[in-house]
Amino acid sequence: MSNESSQEPQGCFVPSPDVIANANIKSYEAMARWAQEDLPGFWAAQAEQFEWFRKWDTVLDESNAPFYQWFVGGKTNIVYNCLDRHVATWRRNKLALIWEGENGEVRTFSYHALNREVCKFANVLRSMGVKKGDRVTIYMGRVPELPIAMLACAKIGAVHSVVYGGFSVEALHGRLEDSESNVCITCDGSYMNGKIVELKRIVDEALKRAATVEHVIVFKRIGHDVPMEQGRDYWWHELMGLPVARANGGNRCETEIMDAEDPLFMLYTSGTTGKPKAILHTHGGYMVGTATTLKWVFDLKEDDRYWCAADPGWITGHSYIVYAPLLVGATSFMYEGAPTYPYPNRWWSMVEKYGINVLYCAPTALRGLMRFGEAWPNRHDLSSLRLLGSVGEPINPEAWRWYHRVIGKENCPIMDTWWQTETGMFMITPLPVVDLKPGSATRPFPGVEADVVDEHGDPVAAGDEGYLVLTKPWPAMLRTIYRDPDRYVTQYWSKYPGKYFTGDSARKDADGYFWIIGRVDDVIKVSGYRLGTAEIESALVSHHAVAEAAAIGLPHEIKGNAIHTYVILKAGNEPSDALIEELKAHVGHELGPIAKPEKITFVPQLPKTRSGKIMRRVLRARALGLPEGDITTLEE
Ligand code: WT7
């Protein structure tokens, strides 16, 4: 896939009068103007729609920028607004969550039932001594207990750190240590593509070196034998059966009153160094930003069934599977397994079976399904679909058109949402009422201001490529990097003082539409997953045969980008196909299957600057047969 092709305007798709007539927000321009004229007033009006134990004194405090604060002085708890508030109304009987396992098992939770599980598990955590501010690591498969665990933490004021269940020992170990978690919640295993991922065994291995964890709670998903360490490991179902879980009948558990700016969760993401950074989000602003964007962009209605096909372990899942749908009182669908299991019609059969109205997924998944042909979706009645969403990487025109024609039957607008782990909420995105250009995320959400600038921070001319920056704070923005405020400032706010640097390049066309091109830092997007070159390189170098390694991303038809690596072997090791396989497996074991290099090339040398930095740009240019650009800093 070429990112370049998505830069060409492909003509507009104008929303039908029907869509406009029924939309929650009928005019993008009116909302954008309101926010431009009165940013605090605009966000305060959205915040008014939630329950606050105490209203804020100041909407936005910029005095200590870039450590912006939102709804200062306000007291709330996001879970109070996700659950407590709804179970006090008729919504107690509404379905909050419909879940289907890869093996076809179905579980449903009304708001009442979900609240009960969350209360019970929150009681369990409290009884273990978990309290406000403590960090809890969650490393689970895609089961309902994952959101239940997140919500239970937030309810008692603990800070959850979810580690994606596709990561492996080294990635988990680093995140357990950095977060200093006392409790780790996991599963005996998880199903993925008909296979079992041995989550508990990975936890055991990671814990050999992680000192702070005292308790491990294991949800039984598979039922196979796993070692349980006496005094450390507990079964979820046994704890939930204890009287302490059912305190107050199990339906009540005091929701901790939180400051709007108190941390809600941290989520590790890859950046320019080998050490992943923990992005910190808070209760108040995150709540207001995620709920407002979901309601406006996906235009959710009370009777909708909404499916975000991401993993709860990523920001997309945190914001748009767990928190925002519950905040707006929606019915969410969640699927455990692989899109093609057992056949490539799995997703479409579930759209039909559950009558999904809004589907949100990644271009890489669409490209993966496209190659099996139209017959698979065409076997199913997809007429319930009203709106489609895309996220994670630029959507190429071919995938856009297939999504629009074959899945949406030319009736569903596609919301191409650009955002990041750091932004917490959609930032550049259409609303269903705006004209669409395939491949463009259109314009910033009302209240968000973005620009494309050159090396000096000056705006570039319309149509020119430059760096994507955000020029105004927004409520769901990250507050810092956990335990590393300096890195927060240097990483995001130092390249262009006063402006947030996204790490992406983009163009803005004459209509003010943004066209995202891709990362300009050392981050590679593989199948929509974000990986750091340095993480992959250090995984390779941890193998005894490897002296040095460099990783780059090269275009890939389905994954968007694939990881290509260049390896210098230590003396005494000979290149061989067997060693290539061994190194791929090694990276898979250290980081997880998604980080496995597509290709490993043995080289005698790597292009470096005189100061010893690997010039990945030169490697990329050589691999693609492009000019090498400025190589004056290249060492002899
Ligand atoms: C990076 C952030 C935010 C949810 C999932 C990814 C890329 C994200 C789009 C889009 C083009 C996109 C950017 C961004 N990206 N959405 N609609 N069009 N690119 O979160 O893992 O933090 O990655 O994903 O490069 O910087 P993330």
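Just above, that's the structure.
Residues numbered from 1 in each chain as written. Predicted model: local features only at pLDDT ≥ 70, side-chain atom pairs only at ≥ 80, totals over all residues. Heavy atoms only, no water.

1. Topic: the overall build of the chain
So the rule is basically this: A run of DSSP states H or I qualifies as a helix once it reaches four residues; a run of E qualifies as a strand once it reaches two. Both are numbered from the N-terminal end. The globule rule is 2.2 Å times the number of residues to the power 0.38, and the radius of gyration it is compared with is taken over C-alpha atoms. Each residue is assigned to one of three classes by its accessible area relative to the maximum for its type, calculated with a 1.4 Å probe on protein chains only: buried under 20%, partly exposed between the two thresholds, exposed over 50%. Counting rule applied: Lys, Arg positive; Asp, Glu negative; His and chain ends not counted. Here the site of a charge means atom NZ of a Lys, CZ of an Arg, CG of an Asp or CD of a Glu.
In terms of helices and strands, the chain carries 19 helices and 30 strands. Taking 636 residues into account, the globule formula puts the C-alpha radius of gyration at 26 Å, and the chain, at 24 Å, falls close to it. Along the three orthogonal principal directions, the C-alpha set of the chain runs to about 70 × 60 × 60 Å. Counting the 636 residues in the chain, one finds 61% classified as buried. Each charge class in the chain was averaged separately, 68 positive and 79 negative side chains, and the resulting centres sit 4 Å apart.

2. What to know about the pairing of strand β30 (residues 599-602)
Quick note on the threshold: Criterion used throughout: strands pair if DSSP finds at least two bridges between them. If you view a crossover with the strands going away from you and the path from the first strand over the helix to the second runs clockwise, you call it right-handed.
For strand β29 (residues 560-569) and β30, the ladder comprises four bridges, and the chain directions are parallel. Bridge pairing in β30 links Val-567 to Phe-602. Read as a crossover between parallel neighbours, the route from β29 over helix α18 (residues 577-590) to β30 is right-handed.

3. Quick notes on the layout of surface pockets
Under the convention used in this document: A 1.4 Å probe that fits but cannot get out identifies a cavity on a 1 Å grid over protein atoms alone, an open set with protein on both sides within 12 Å along at least five of seven lines counts as a pocket, and a residue lines either if it has an atom within 4 Å of a point. Grid points are joined across faces, edges and corners, and a volume is the space filled by probe spheres set on the points. Side-chain classes follow a simple rule in which Ala, Val, Leu, Ile, Met, Phe, Trp, Tyr, Cys and Pro form the nonpolar group, Asp, Glu, Lys and Arg form the charged group, and the remainder, Gly included, forms the polar group.
One number sums up the size of the second largest pocket: a volume of about 350 Å³. Looking at the lining of the second largest pocket, the elements that each hand over two or more residues are α4 (78-87) and α10 (283-297). Residue composition of the lining of the second largest pocket, grouped by class: eight nonpolar, six polar and six charged.

4. Observations concerning the pairing of strand β21 (residues 450-453)
Side chains Ala-450 and Val-452 project from β21 onto one buried face, and the interleaved Asp-451 and Val-453 project onto a second face that is buried too. Pairing between β21 and strand β22 (residues 465-470): four bridges, direction antiparallel. When the bridges of β22 are listed, Val-453 appears paired with Tyr-467.

5. Some thoughts on the pattern of salt bridges
Using the following cut-off: We define a salt bridge as a contact between a side-chain nitrogen of Lys or Arg and a carboxyl oxygen of Asp or Glu at a distance within 4 Å.
This structure, assessed with the given rule, holds 48 salt bridges. Salt-bridge contacts for Arg-209 lead to Glu-170; the nearest nitrogen and oxygen are separated by 3.3 Å. On the criterion of sequence distance, the pair formed by Arg-209 in the loop between α8 (199-207) and β11 (215-219) and Glu-170 in helix α7 (residues 169-179) is long-range, its members being 39 residues apart. On the basis of relative accessible area, Glu-170 is assigned to the partly exposed category, the value being 29%.

6. Concerning the environment of Ile-631
The topology assignment puts Ile-631 in the segment after α19 (616-624). Among the residues examined, Ile-631 registers a relative accessible area of 33% and is labelled partly exposed. Residues Ile-631 and Thr-609, 22 residues apart in the sequence, show an inter-C-alpha distance of 8.6 Å.

7. Comments concerning the sheet that holds β30
Neighbouring strands of a sheet are bound in pairs by backbone hydrogen bonds; such pairs are parallel or else antiparallel. Defined as follows: A fitted line through C-alpha atoms represents every axis, and for helices the fit uses only the stretch in contact; the resulting angles, taken between N-to-C directions, go from 0 to 180 degrees.
The three strands lie next to each other as β28-β29-β30, forming an open sheet whose pairing is mixed. Every interior strand has two partners, whereas the edge strands, β28 (546-556) and β30, have only one. Between one strand axis and the next, the sheet turns by 25° as a mean value, whatever way the strands run. When β28 meets β29, the two strands line up antiparallel, connected through 10 bridges. Across the sheet, His-556 pairs through a bridge with Gly-560, a residue of β29.

8. A look at α18
The following threshold applies: Multiplying one less than the number of residues by 1.5 Å gives the expected span of a helix. Contacts are residue-level and defined by heavy atoms, with any inter-residue pair within 4.5 Å sufficient.
Across its 14 residues, α18 extends 20 Å between first and last C-alpha, which sits within 8% of the 20 Å expected from 1.5 Å per residue. Those residues of α18 not exposed but buried are Leu-579, Ile-580, Leu-583, Lys-584, His-586, Val-587, Gly-588 and Glu-590. Looking at the packing, one finds that the buried side of α18 touches α7, α17 (533-541), β28, β29 and β30. Phi turns positive, to about 130°, at Gly-592, one or two residues after α18.

9. Some details on the site of the ligand
Our working definition: The rule for a residue being near a molecule or strand is that one of its heavy atoms must lie within 4 Å of it. Under this definition, polar contacts are N or O atom pairs within 3.5 Å; protein pairs additionally need one hydrogen-donor-capable and one acceptor-capable atom, and for neighbouring residues in sequence, both atoms have to be side-chain atoms. In short, Shrake-Rupley with a 1.4 Å probe defines the accessible areas, and a residue's cover is counted only from the protein chains shown.
Neighbouring the ligand are 17 residues, the closest being Asp-416, Thr-417, Thr-421, Asp-504 and Arg-530. Interatomic distance of 3.3 Å between a backbone N/O atom of Glu-393 and a nitrogen atom of the ligand. Contact between the ligand and Gln-420: an oxygen atom at 2.9 Å from a side-chain N or O atom of the residue. For the ligand, whose free accessible area comes to 550 Å², the fraction covered by protein is 95%. Looking at the shell around the ligand, the elements that each hand over two or more residues are α11 (315-327), β20 (414-417) and β25 (514-519). Residues that form the shell around the ligand fall into these classes: six nonpolar, five polar and six charged.

10. A short note on the side chain of Glu-100
With respect to the helices and strands, the residue Glu-100 is situated in strand β4 (residues 95-100). Residue class for Glu-100 comes out buried when judged on its relative accessible area of 5%. Side chain to side chain, Glu-100 and Arg-346 meet in a polar contact 2.8 Å long. Here Lys-353 takes part through its side chain, which lies 3.1 Å from a polar atom of the side chain of Glu-100. Other than its neighbours up to four places away in sequence, Glu-100 contacts Glu-105, Val-106, Phe-333, Met-334, Tyr-335, Glu-336, Arg-346, Met-350, Lys-353 and Tyr-354.

11. Quick word on the packing of aromatic side chains
To be explicit about the condition: Think of it this way: a Phe, Tyr or Trp ring, Trp meaning its six-membered ring, pairs with another when their centres are within 6.5 Å, and the plane angle makes it stacked under 30 degrees, edge-to-face over 60, tilted otherwise.
Under the definition given, this model contains 45 aromatic pairs. Residues Trp-34 and Phe-42 carry aromatic rings whose centres are separated by 5.1 Å and whose planes lie at 85° to one another, so their mutual orientation is edge-to-face. For Phe-42, a relative accessible area of 0% puts it in the buried group. For the pair Trp-474 and Tyr-500, a centre-to-centre distance of 5.4 Å together with 85° between the ring planes defines the contact as edge-to-face. Pair noted here: Trp-474 is in the loop between β22 and β23 (480-481) and Tyr-500 is in strand β24 (residues 500-508), with a separation of 26 residues, a long-range link. Given the relative accessible area of 0%, Tyr-500 is considered buried.

12. Overview of the nonpolar core
Most often, soluble globular proteins keep nonpolar side chains buried together rather than apart. To be explicit about the condition: What makes a nonpolar core is a set of buried Ala, Val, Leu, Ile, Met, Phe, Trp, Tyr and Cys residues whose side-chain atoms join them at distances within 4.5 Å.
Among the nonpolar cores identified, the biggest contains 193 residues, and Phe-121, Ile-185, Phe-298 and Tyr-323 are the most heavily contacted of them. Listed in part, the seven residues of the second largest apolar core include Ala-550, Ile-552, Ile-568 and Leu-606.

13. Here's the deal with empty space enclosed by the protein
Within this structure, the stated rule accounts for two cavities of 30 Å³ or more. Here the largest cavity defines a volume of roughly 80 Å³. Taken together, Ala-96, Leu-97, Leu-114, Pro-147, Leu-151, Ile-321, Val-322, Pro-325, Leu-326 and Ser-332 make up the lining of the largest cavity. Residue assignment for the lining of the largest cavity shows that the elements contributing at least two residues are β4, α6 (145-155) and α11. Looking at side-chain class alone, the lining of the largest cavity contains nine nonpolar, one polar and no charged residues. There is about 30 Å³ of room inside the second largest cavity. Around the second largest cavity, the lining residues are Val-162, Val-163, Tyr-164, Phe-167, Arg-175, Leu-267, Tyr-268, Gly-313 and Trp-314. The residue inventory of the lining of the second largest cavity, partitioned by class, reads seven nonpolar, one polar and one charged.

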